[in-house]
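Residue-level listing of the chains:
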Amino acid sequence: MTKPKVLISDKMDPNAAKIFAERGCDVDVITGKTPEELKAIIGQYDGLAIRSATKVTKEILDAAPNLKVIGRAGIGVDNVDIPYASSKGVVVMNTPFGNSITTAEHAIAMIMALARQIPEADRRTQAGEWPKNDFMGIEVTGKTLGLIGAGNIGSIVASRAQGLKMKVIAYDPFLTEDRAIEMGIEKVDLDTLLSRADFVSLHTPLTDQTRNILSRERLENAKPGIRIVNCARGGLIDEVALKDLLLSGQVAGAALDVFEKEPPAPDHPLFGTPGFICTPHLGASTTEAQVNVALQVAEQISDFLVNGGVTNALNMPSLSAEEAPKLKPYMALAEKLGSLVGQLSHGNLEKISIEREGAAASLNGKPITGAVLAGFMRRYSDSVNMVNAPYLARERGLDVREVRHDREGVYHTLVRVTVETSQGPRSVAGTLFGDAAPRLVEIFGIGIEADLAGHMLYIVNEDAPGFIGRIGTLLGQAGINIGTFHLGRRQAGGEAVLLLSVDQPINEELVQQAAKIEGVKMVKALEF
Ligand SMILES: NC(=O)C1=CN([C@@H]2O[C@H](COP(=O)(O)OP(=O)(O)OC[C@H]3O[C@@H](n4cnc5c(N)ncnc54)[C@H](O)[C@@H]3O)[C@@H](O)[C@H]2O)C=CC1
Ligand SMILES: O=C(O)CCC(=O)C(=O)O
């Protein structure tokens, strides 16, 4: 049997190459390639091990007919086009915990560096000055640290900050009250956090919800003299606004490990701004973390290529060989339903129930539940997958109920997902056509039949003549082609839902325009 070939395309601890060789793979370490150079060689490899420098785009994936698995030695996978990799059948894995402690420690180092202005004091002292009177720091003891994102890294930062006698508050829609109590922190909304925090530290992935979460407006309204640390992802903060507010004194200090564009241009507006310090995406750069993630990624990739084992995959469930063919379409359905209900529900979502009815009731429910939870939580975390979703849900105190009804309803098989929201329960349901093709059949109590795929637009409106024409015209004028069109309504003249699939993503501006059309109650762009 020929050995699987693996490329390590980013700088990684040498133990990774050793593990690949020991586990039966041929490995090449070729780092620093341009996208064009990578495209020219990627075709020969079955596996690709990366950190953050390699961007695995559509073009790279199209040039990689043999590629079966991509392993990210780290957490964030925003450098991989996961939907496209999935469409090509390429498994994407990460190493969700290997660098969390290290990154949390970097955030704490940034807090201390800001509090005592260590980089600037160091620079001037080494330049021959003795500027003892220019650096009046602050104590962190007794100060309030506001965490935006309290997952793996955020919760480690919380415990370290508590050791420094800081009071920790957090904004994280997925943090339950119980988990917050367990962590000894206070759960607050974002505005409260910004009005109370002396230091803010960001620990979320970059998603549509978190992009620009520290916008100019939010920074302007934050507690005067706030200090900000970002060791998560560039794009979470408005960098230009940050400079203006550092200059005005509204923000007393900012420490960035990550930038919207990396590496930042040499004339980046923040460079040289008083109170600003930065590091070149060093959050995960310790010997310990790099050994952890390199070993882990090499073990995971070789296990997959040599034995078919799946660990920490972001786009694939773990399954036995016999169950796989029967369960696969159910898992595709379940993930879509979880994703739909997650995209359409807001606020504190603490309870989710997954009901299986008819033929679905007799199947192994675990992978179906895992798939629902993975779809539901994907917008909150880069690290969630069908395997770890139930564990993460439990850890975060999400109450997950699984219910089986052996009876058969209108459909011979049905999966229903319900979340409890502050406005009451919200449920969506789907079936399999021909035991293979997932179809949505009900959304918030309204019957509708639709395939959930690609870019979609969801509209709730008052059922009235001429409405569909107005939506069609709006999309047509925006140059957006409609693929499929699905309608459902409670009763004639009552509340109706419209679900459209379109050929390109729908931007926020168009969503706002659609929301202004007469009769529209709610509009949401969806992605599957
Ligand atoms: N600077 C560096 O070198 C490193 C950076 N990272 C970044 O740190 C991020 C966090 O990593 P982990 O803690 O392991 O991830 P995680 O998935 O355990 O935690 C992320 C948390 O963010 C929360 N969240 C999601 N959307 C939110 C929103 N709109 N508002 C507030 N909170 C929200 C989630 O509920 C979750 O609790 C990663 O996504 C990665 O981008 C990770 C490792 C190293
Ligand atoms: O590999 C690195 O140095 C970056 C780590 C990181 O950003 C991540 O794991 O998300």
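Residues numbered from 1 in each chain as written. Chains lettered and ligands numbered in written order. Predicted model: local features only at pLDDT ≥ 70, side-chain atom pairs only at ≥ 80, totals over all residues.

**Remarks on the domain arrangement of the chain**
And step 1. Each assigned domain of the chain is listed with its residue range as follows: domain 1 (5-95 + 288-307), domain 2 (100-278), domain 3 (316-445) and domain 4 (453-528).
And step 2. Residue-level contacts link ten residues of domain 2 with nine residues of domain 3.
And step 3. Of the residues that constitute the side of domain 2 that touches domain 3, the class distribution is four nonpolar, four polar and two charged. (Domains from an automatic or database assignment. Contact = placed C-beta atoms within 7 Å. Nonpolar A, V, L, I, M, F, W, Y, C, P; charged D, E, K, R; others polar.)

**Some words on the site of ligand 1**
And step 1. The environment of ligand 1 is formed by 35 residues, the closest being Gly76, Gly151, Phe174, Gly283 and Ser381.
And step 2. Mapped onto the shell around ligand 1, the elements with two or more residues apiece are α5 (100-116) and α7 (152-163).
And step 3. The biggest single contributor to the shell around ligand 1 is α7, with three residues.
And step 4. Across the shell around ligand 1, the residue classes break down as 13 nonpolar, 18 polar and four charged. (Near = placed C-beta within 6 Å. Helix = DSSP H or I, 4+ residues; strand = E, 2+ residues; numbered from the N terminus.)

**Overview of the UniProt feature "domain: ACT" (unreviewed entry) in the chain**
And step 1. This chain's UniProt record puts "domain: ACT" (unreviewed entry) on residues 455-518.
And step 2. The span residues 455-518 is 30% helical and 38% strand by assignment, and the distance between its end C-alpha atoms comes to 23 Å. (UniProt positions renumbered as here; feature names shortened; annotations may be inferred.)

**As for the site of ligand 2**
And step 1. Every residue near ligand 2 is listed here: Arg51, Ser52, Gly74, Ile75, Gly76, Asn99, His281, Gly283, Ala284 and Ser285.
And step 2. Taken together, the residues that form the shell around ligand 2 break down as two nonpolar, seven polar and one charged.

**Comments concerning the UniProt feature "domain: D-isomer specific 2-hydroxyacid dehydrogenase catalytic" (unreviewed entry) in the chain**
And step 1. This chain's UniProt record puts "domain: D-isomer specific 2-hydroxyacid dehydrogenase catalytic" (unreviewed entry) on residues 6-315.
And step 2. Annotated as 37% helix and 16% strand, the span residues 6-315 places its first and last C-alpha atoms 20 Å apart.

**Describing the sheet that holds strand β21 (residues 495-502)**
And step 1. Spatially, four strands are ordered β20-β21-β19-β22 in an open sheet, and the strand pairing comes out antiparallel. Because the sheet does not close on itself, it has two edges, and the strands there are β20 (482-489) and β22 (520-527). Ignoring which end each strand starts from, the neighbouring axes of this sheet average 15 degrees apart. (Pairing = 2+ DSSP bridges. Axes fitted to C-alpha atoms, helices over the stretch in contact; angles between N-to-C directions.)

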